[in-house]
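These are the residues of each chain, in order.
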Amino acid sequence: MFAIVRDEPRHCSYTKRWQQAEKRTQREKMNSRTIEKNIGKPTKIDWKKPKAIGSSSFYLKSFKAKNNSTEFIKENSKCSFEKYSGGILLRSNLSNKTSALTIKESEIEYIKLIRGKESVEPLTLSPMWIMLKLGVSKLIARYFRIVLGEYSIDEMKLKIETKNQIMEFTQNGYIFERQLSFFKNLNYGEKLIIEMNE
């Protein structure tokens, strides 16, 4: 027995795709309006004095809701932060499922950035050893190591506590300074805590 399969007319397929794209656009506009209502407008780059307005990615290790908050992000999500006029936007991605969490500056209790413990043991006369002797920063010289044991740094940690959430993140210790630049540019004063772990 044979089943007859009717092909969908091509114009119907195009119509469906257009409708789906239109719905996505409407959702994005709605999300944008909601975000701006909560934390203001996104910060624009000042090309005269360029500063970081977004972070590199972090990996979420724990998320605890407080005060019966219904907002939730799954662990191991890849997350990044964007600076807004009234707070920060946390974007997350796990298995291509994206979400966004607005965090008002007034609701932030603290942001703690912890630098990983580093080990600097260059081999005598190695490129890294020579560069350090010449006064080159270890942040540059470490890329010229010839064996792993010459330089290592533990992963960095980020802890954020707000009135509604407690979140902990991790990331490669090599990009600590890049992340530090972003969080300093938030200008949150004593709310930002830096632990160098030296």
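Here, every reference points to the structure presented above.
Below or above, wherever it landed, is the structure these notes cover.

**Concerning the overall build of the protein**
- A count of helical and extended segments in the protein gives 4 helices and 10 strands.
- For the protein, the succession of helices and strands along the chain, N to C, is α-β-β-β-β-β-β-α-α-β-β-β-α-β.
- The proportion of buried residues among the 198 residues of the protein is 31%.
- The contacts in the protein between residues at least 6 apart in sequence include a share of 60% that link residues at least 24 apart.
- With the model as given, the accessible surface of the protein reaches about 13,600 Å², and the carbon-plus-sulfur share is 51%.

**Here's the deal with the pattern of salt bridges**
- By the definition in use, this model includes 8 salt bridges.
- Across the pair glutamate 161 and lysine 66 runs a salt bridge whose closest N-O atoms are separated by 3.0 Å. You can see glutamate 161 sitting in strand S8 (residues 156-162) and its partner lysine 66 sitting in the loop between strand S1 (58-65) and strand S2 (78-84), a full 95 residues away along the chain. No difference in accessibility class separates glutamate 161 from lysine 66, as the two residues are buried.
- One connected set of salt bridges, linked through shared partners, spans Arg115, Glu118, Lys138 and Glu177.

**What about the nonpolar core?**
- Membership of the largest hydrophobic core comes to 26 residues, with the highest contact counts inside it found for Phe81, Leu90, Ile111, Leu158, Met167, Phe169 and Phe183.
- Elements with a minimum of two residues in this core: S1, S2, strand S3 (87-94), strand S4 (97-104), strand S5 (108-114), S8, strand S9 (165-171) and helix H4 (176-184).
- At 4 residues, the largest contribution of residues to this core is made by H4.
- Counting residues in each nonpolar core, the second largest holds 6 residues, with Met128, Met131, Tyr151 and Tyr174 among its members.

**Quick look at a nonpolar patch on the surface**
- A contiguous nonpolar surface patch, about 250 Å² in accessible area, is contributed by Leu123, Ile146 and Val147.
- Turning to its location among the elements, valine 147 is positioned in the loop between helix H3 (138-141) and strand S7 (151-153).

**A short note on the layout of surface pockets**
- Taken as a whole, the largest pocket spans an internal volume of roughly 400 Å³.
- Taken together, 15 residues form the lining of the largest pocket, with Asn31, Ile35, Arg91, Ser99 and Ala100 sitting closest to its centre.
- Broken down by secondary-structure element, the contributors of at least two residues to the lining of the largest pocket are helix H1 (10-39), S3 and S4.
- Ranked by residue count, the leading element in the lining of the largest pocket is H1, at 6 residues.
- The residue makeup of the lining of the largest pocket, split by class, is 3 nonpolar, 9 polar and 3 charged.
- Estimated volume of the second largest pocket: approximately 170 Å³.
- When the residues that make up the lining of the second largest pocket are grouped by side-chain class, the tally is 3 nonpolar, 6 polar and 2 charged.

**Digging into the pairing of S5**
- Strand direction decides the pairing type here: S5 and S8, joined by 6 bridges, are antiparallel. Bridge pairing links isoleucine 111 to isoleucine 160 in S8.
- Taken together, the 4 bridges between S5 and strand S10 (residues 192-195) define a ladder with parallel strand orientation. Residue pairing in the sheet places lysine 112 in a bridge with isoleucine 193 of S10.

**Quick notes on the side chain of glutamate 161**
- For glutamate 161, a relative accessible area of 16% gives the class buried.
- Other than its neighbours up to four places away in sequence, glutamate 161 contacts Lys66, Glu107, Ile108, Glu109, Tyr110 and Ile166.

**Some details on the packing of aromatic side chains**
- Inspection of the entire model under this criterion finds 9 aromatic pairs.
- Aromatic side chains tyrosine 143 and tyrosine 174 sit 5.7 Å apart centroid to centroid with 55 degrees between the ring planes, which places their arrangement in the tilted category. Taken together, the residues span a long stretch of sequence, with tyrosine 143 in the loop between H3 and S7 and tyrosine 174 in the loop between S9 and H4 at a distance of 31 residues.
- Ring geometry for phenylalanine 182 versus phenylalanine 183: centroids 5.0 Å apart, planes at 75 degrees, classification edge-to-face.
- Exposure remark for phenylalanine 182: the relative accessible area of 1% places this residue in the buried category.
- Site record: aromatic cluster; members linked through ring pairs are Phe58, Phe81, Phe169, Phe182 and Phe183.

The rules behind the values
Residues numbered from 1 in each chain as written. Predicted model: local features only at pLDDT ≥ 70, side-chain atom pairs only at ≥ 80, totals over all residues. Heavy atoms only, no water. Helix = DSSP H or I, 4+ residues; strand = E, 2+ residues; numbered from the N terminus. Buried < 20%, exposed > 50% of the residue type's maximum accessible area, 1.4 Å probe, protein only. Contact = heavy atoms within 4.5 Å. Areas by Shrake-Rupley, 256 points an atom, 1.4 Å probe, with all protein chains shown as cover. Salt bridge = Lys/Arg side-chain N within 4 Å of Asp/Glu carboxyl O. Core = buried A, V, L, I, M, F, W, Y, C linked by side-chain atoms within 4.5 Å. Patch = residues over 30% accessible without salt bridge, like charges linked within 9 Å, V, L, I, M, F, W, Y side chains within 5 Å. 1 Å grid on protein atoms, 1.4 Å probe; cavity = no way out; pocket = protein on both sides within 12 Å on 5 of 7 lines; lining within 4 Å. Points joined across faces, edges and corners; volume = space filled by probe spheres on them. Nonpolar A, V, L, I, M, F, W, Y, C, P; charged D, E, K, R; others polar. Pairing = 2+ DSSP bridges. Phe/Tyr/Trp six-rings, centres within 6.5 Å; stacked < 30°, edge-to-face > 60°.

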